[in-house]
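In case you want the letters, here they are:
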Amino acid sequence: HYSGLEEAVYRNIQACKELAQTTRTAYGPNGMNKMVINHLEKLFVTNDAATILRELEVQHPAAKMLVMASHMQEQEVGDGTNFVLVFAGVLLELAEDLLRMGLSVSEASYIVIEGYEKACKKALEILPDLVCCSAKNLRDIEEVASLLRTSVMSKQYGNEHFLAKLIAQACVSILPDSGHFNVDNIRVCKIVGAGISASSVLHGMVFKKETEGDVTSVKDAKIAVYSCPFDGMITETKGTVLIKNAEELMNFSKGEENLMDLQVKAIADSGANVVVTGGKVADMALHYANKYNLMIVRLNSKWDLRRLCKTVGATALPRLTPPTPEEMGHCDSVYLSEVGDTQVVVFKHEKEDGAISTILIRGSTDNLMDDIERAVDDGVNTFKVLTRDKRLVPGGGATEIELAKQITSYGETCPGLDQYAIKKFAEAFEAIPRALAENSGVKANEVISKLYAVHQEGNKNVGFDIEAEAAVVKDMLEAGVLDTYLGKSWGIKLATNAAVTVLRVDQIIMAKPAGGPKPPSGKKDWDEDQND
C-alpha cells in the first residue's frame, strides 16, 4: 500500500514505461537484439517481443497488464506484440503529462480514460478507409510470399525473400479447400550445419531419429502405428512358472519366440511394411521384423505419434494386433537420410496436398535457428490471419501517421477537456515511425515532419524507408511493405485496453501476512504416551 494515491498512479505508469522502453529498441527490421537469460539460465538472443516477455519474469502488477495484452495479441494474431507494448507504453507516458497538468488525479484519470476510449473507437472507424489492397489468391506462392515478407523482415532482415518463399510453399501446399488453416500443421525441424540458404520444405514429416532395424528405406509405404511398445504381450497378473528340467526350459522360451514370430508375421501379412511404435523395441521383436522386412521407427513423443497419424491417415493401435486396411496409413516413401551429420527419418508425400508440411531449417548455431523458427512462426501466423481477413494496410509507419493526422483533426472538434486526451492518443501513434527511425539511426523528428507533410497532400500509403541512409519516405504499397488489417486493429484495441486498465488503478494492495511475533509452535506428539 503506497503512501499517496498520486504516487501509486505515477509508479504504475513508470513501471509500464520501463517495460515498453525495453522492447522499443527492438522494434522493426533494424531493431537491436536482446540477450535474455531466463530463470533456468537458458540464453536467448532475439528481438522478438513475445519471446522476451515470455522469458522475463515481470513482477510489477501494472507492467503485467501490458504483458498480458501482448500475450493476447500473440494468441489472437500471432504477430504485432511489440506494437502493443510500444503503443501502450507511449499512451501511459503521454497520460502522465496530462495528469501533471493540475487537476486531481482521479478527475484527470477519468478525463484521460474517456478521451482514450473515444479516440480508440474513432481509430477503429478510420482504419478500414486506410486499407490499400487485399490478398487476391492465397494459392499463388509468389503472391503469398510477397505478403509474408514484411512479417519475416522484422525478425530476419536480409533473409526475408528466401524465408517468405519457404513459408509460402509450406502454407499453400496444405491449405485445405475449406480455407480453415491450422498453424499446427506446419512443423519445423532444426538441424545444425550449412547455412540458412540450405533450408528446405518437405511435404510430410521429418524426425531427428534413426530407424531401429536393418530396413532403412521403403517406397509406397503402408504404415502400422502402435502407441504401445513393440514387444511381447505382458499379462495383467503375475504368474509363476515351475520348470523341472532343461527340455521344459527350451520349450518355454521357444513358445515365447513362436508367439512373437506369429505376431510380427501377422502384421507383415496384413500388408504393412513400416511399423511406428511409441515405446521400446524388444530385441526379439526386432529380429523378426528384420526377418519379414519391416522398417521399424520409434517415436517417444505421443504428440509426434498423433501428428504422424494425421499426416499418413493412420489409426494408433493400443495393442500389437495386425492392422486392418482402414487403420493403416500410407505415404509415398519413408527413408532414413543424413542431413549434415544428423540422422533423420523422412515420411514423404510426393503430391503437394498432404495434411502436414515440414520446414527443415539449417543454420550455424542453435540460437540462430531458434530466431529463424520464430520468424517462420510469425510468417505462418500472418498467413492464417490472411485466410480470415485478406485486407492489408501500408506498413513503415504510414498507417500510424494517417491515424495520428485524422484523430488530431477529430480532437479539434470535441468540445470537452477530453480533447487533450484525444490529441495525446493521436500523438502516441508517432511512436511507431519514431522507433523505426531511431533504430535505423535517422533523426526521428525529421522523418515524422516529412511524413506529416506528405500525408497532408493526401498520400495515405507513404511511410518511412528504412533502407535509405537519410530521412527518406516512399510509397509502402509499391515497396511491398504491408501489415495485416486484423493485426493492426487488434493491436490498437488491446494496447488501449491495457493503458486504460492501468490508469484506472490508484492503489496496489498486496495480500501479505501481517508482521508481529510468530505463534508458538506446540510440542509435537503431545497426546502420545511417553515410554520411559
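Residues numbered from 1 in each chain as written. Predicted model: local features only at pLDDT ≥ 70, side-chain atom pairs only at ≥ 80, totals over all residues. Heavy atoms only, no water.

For the protein chain, the name recorded in an unreviewed UniProt entry is T-complex protein 1 subunit theta, with Geococcyx californianus as its organism. You can read under Subcellular location (unreviewed entry) in the UniProt record for the protein chain the words "Cytoplasm". Database annotation for the protein chain, UniProt heading Sequence similarities (unreviewed entry): "Belongs to the TCP-1 chaperonin family." (UniProt positions renumbered as here; feature names shortened; annotations may be inferred.)

(A) Region of the structure containing the overall build of the protein chain. Scanning the protein chain from terminus to terminus reveals 17 helices and 16 strands. A compact globule built from 532 residues should have a C-alpha radius of gyration of about 24 Å, whereas the protein chain, at 31 Å, is more than 25% larger. Across the 532 residues that make up the protein chain, the buried fraction comes to 49%. (Helix = DSSP H or I, 4+ residues; strand = E, 2+ residues; numbered from the N terminus. Rg over C-alpha atoms; globule rule 2.2 N^0.38 Å. Buried < 20%, exposed > 50% of the residue type's maximum accessible area, 1.4 Å probe, protein only.)

(B) Molecular detail of unusual backbone geometry. Residue Glu 41 is not a glycine yet carries a positive backbone phi of 65°. Here Glu 41 is to be found in the loop between strand S1 (34-37) and strand S2 (43-46). Relative accessible area serves as the criterion here: at 68%, Glu 41 is assigned to the exposed category.

(C) Representation of the pairing of strand S7 (residues 274-277) within the structure. Residues Val 274 and Val 276 line one face of S7 and the alternating positions Val 275 and Thr 277 line the opposite face, and both faces are buried. For the crossover from S7 across helix H9 (residues 283-291) to strand S8 (residues 295-298), the handedness is right-handed. (Right-handed = clockwise from strand over helix to strand, strands pointing away.)

(D) Structural context of the pattern of salt bridges. This structure, assessed with the given rule, holds 26 salt bridges. Salt-bridge contacts for Glu 96 lead to Lys 17; the nearest nitrogen and oxygen are separated by 2.8 Å. Within this pair, whereas Glu 96 is found in helix H4 (residues 81-99), its partner Lys 17 is found in helix H1 (residues 5-24), the two being separated by 79 residues in sequence. Of the residues examined, Glu 96 reaches a relative accessible area of 7% and is grouped as buried. (Salt bridge = Lys/Arg side-chain N within 4 Å of Asp/Glu carboxyl O.)

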